[in-house]
Amino acid sequence: MAHRIAVIGGDGIGPEVTAEALKVVRAAGVAIETTDFDLGGQRYLRDGEILSDAVLEQLRHFDAILLGAVGTPDVPPGVIERGLLLKMRFELDLYVNQRPFVGVAPGKTAVHDFIVIRENTEGPYVGEGGVLRRGTPHEVATQGSTNTRMGVERCVRYAFELAMKRERKHVTLVHKTNVLTYSGDLWERTFNIVAKDFPQVKTAYNHVDAACIYFVEDPYRYDVIVTDNLFGDILTDLGGAVSGGIGLASSANLNPSRTGPSMFEPSHGSAPDIVGTGKANPTAAILSAALMLDFLGENAAADRVRGACEPAVTGTTVEIGNAIAARLASK
Ligand code: IPM
Ligand code: MN
């Protein structure tokens, strides 16, 4: 049966790269039935819709959601991010953000291969906090970070289960336990407790600032990394930068309990400055679609898509999509 995919092309280069990703999925021989959802900054500017509960309800009935990019310079920062992207992550309980990094870091010759598992529904992203006396010299702004035992544990457990499927079977916890002593303590204790259930998995701990150095200087030490929402956000941009650039960085927002659809999106933004120029690299979107195929149980097709992305193709957005699709068709 065809997989039912909700497609949110979104803003800027989002629709362009999403079209290539769908082209490649079809070229891989996977039957999909797509439904387009017109959401994002442009839609918001037109009629005020960001993501109503009614549309969210429709999305719940799909097997997966494929998203291009959302955000436009005409809408103040945070409106679409919170109202659409984060609302989907929270409401669909997409508690794992999985971002794989395979590449050769600048100045290196060997290939690194690691995956960051970012907690995706808690931390500072919850939006706990507020403002007092805004705009006055006595202004106060507080921004909390929410970390629950359940939320941390399910994310950490996912990371260990993933490591069990990989050759090296190694998980590194990244945090800042020397300063964030309350949340860091919860993460560290939970990590150590979960680790007991996986005696074959080796573990390590890095502070997030040190991890930044290792990403650049010794990415080979990593296999699976698990970290909180904000550290994961920052660290995965660095991961993209040391793995061939953000044009290759794929991402999966997963609900591993499968109580609803998971969402797949390239890590890059809507890049309004290059919209329509053909300069957008669709590879990140294509590799995100491969993560979607994995989650839909189409693992052989997912591997073939990843294989077809190598060696890297150059050209316009459509040329790259066509070349990758052609490699699949000829297999
Ligand atoms: C990402 C993005 C989002 C995040 C933004 C757009 C809200 O940077 O997916 O990494 O911070 O999670
Ligand atoms: Mn980010």
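Use the structure listed above.
Residues numbered from 1 in each chain as written. Chains lettered and ligands numbered in written order. Predicted model: local features only at pLDDT ≥ 70, side-chain atom pairs only at ≥ 80, totals over all residues. Heavy atoms only, no water.

Visitor: Looking at this structure, I do not really get the overall build of the chain. What am I missing?
Guide: For the chain, the helix and strand inventory stands at 11 helices and 12 strands. Across its three principal directions, the C-alpha atoms of the chain cover 55 × 50 × 40 Å. Counting over 331 residues, the chain shows a buried share of 50%. Pairs at least 24 residues apart make up 73% of the contacts formed inside the chain by residues separated by at least 6 positions. In the structure as shown, the chain presents an accessible area of about 14700 Å², 55% of it carried by carbon and sulfur atoms. (Helix = DSSP H or I, 4+ residues; strand = E, 2+ residues; numbered from the N terminus. Buried < 20%, exposed > 50% of the residue type's maximum accessible area, 1.4 Å probe, protein only. Contact = heavy atoms within 4.5 Å. Areas by Shrake-Rupley, 256 points an atom, 1.4 Å probe, with all protein chains shown as cover.)

Visitor: For this particular structure, what's the right way to read the packing of helix H7 (residues 208-217) against helix H8 (residues 229-241)?
Guide: Helix-helix packing is characterised by the crossing angle of the two axes and by the distance between the axes. Contact pair H7 / H8: the axes reach a minimum separation of 10 Å and the direction vectors enclose 15°. Taken together, H7 and H8 sit at an angle that is classed as roughly parallel. Of the two possible hands of crossing, H7 and H8 adopt the one that is right-handed. For the pair H7 and H8, the contacting residues are Val208, Ala211, Cys212, Phe215 and Val216 in the first and Phe231, Leu235, Leu238 and Gly239 in the second. (Axes fitted to C-alpha atoms, helices over the stretch in contact; angles between N-to-C directions. Parallel < 35°, antiparallel > 145°, perpendicular 65-115°, else oblique. Left-handed = near helix turned anticlockwise from the far one by under 90°.)

Visitor: Honestly, the site of ligand 1 in this entry has me stumped. Any pointers?
Guide: Lining the immediate surroundings of ligand 1 are Glu81, Leu85, Arg89, Arg99, Arg118, Tyr125 and Asp233. Within the side chain of Arg99, a nitrogen or oxygen atom sits 2.8 Å from an oxygen atom of ligand 1. Between Arg118 and ligand 1, the recorded distance is 2.7 Å, taken from a side-chain N or O atom to an oxygen atom. With the chains in place, 75% of the 320 Å² that ligand 1 exposes on its own is no longer accessible. When residues of the shell around ligand 1 are assigned to their parent elements, the largest contribution, 3 residues, is made by helix H4 (residues 79-91). A class-by-class count of the residues in the shell around ligand 1 yields 2 nonpolar, no polar and 5 charged. Taken domain by domain, the shell around ligand 1 gets at least three of its residues from each of domain 1 (1-94 + 255-331) and domain 2 (101-253). (Near = heavy atom within 4 Å. Polar contact = N/O pair within 3.5 Å; in protein donor to acceptor, adjacent residues only side chain to side chain. Nonpolar A, V, L, I, M, F, W, Y, C, P; charged D, E, K, R; others polar. Domains from an automatic or database assignment.)

Taken by themselves, the reported measurements are silent on function.
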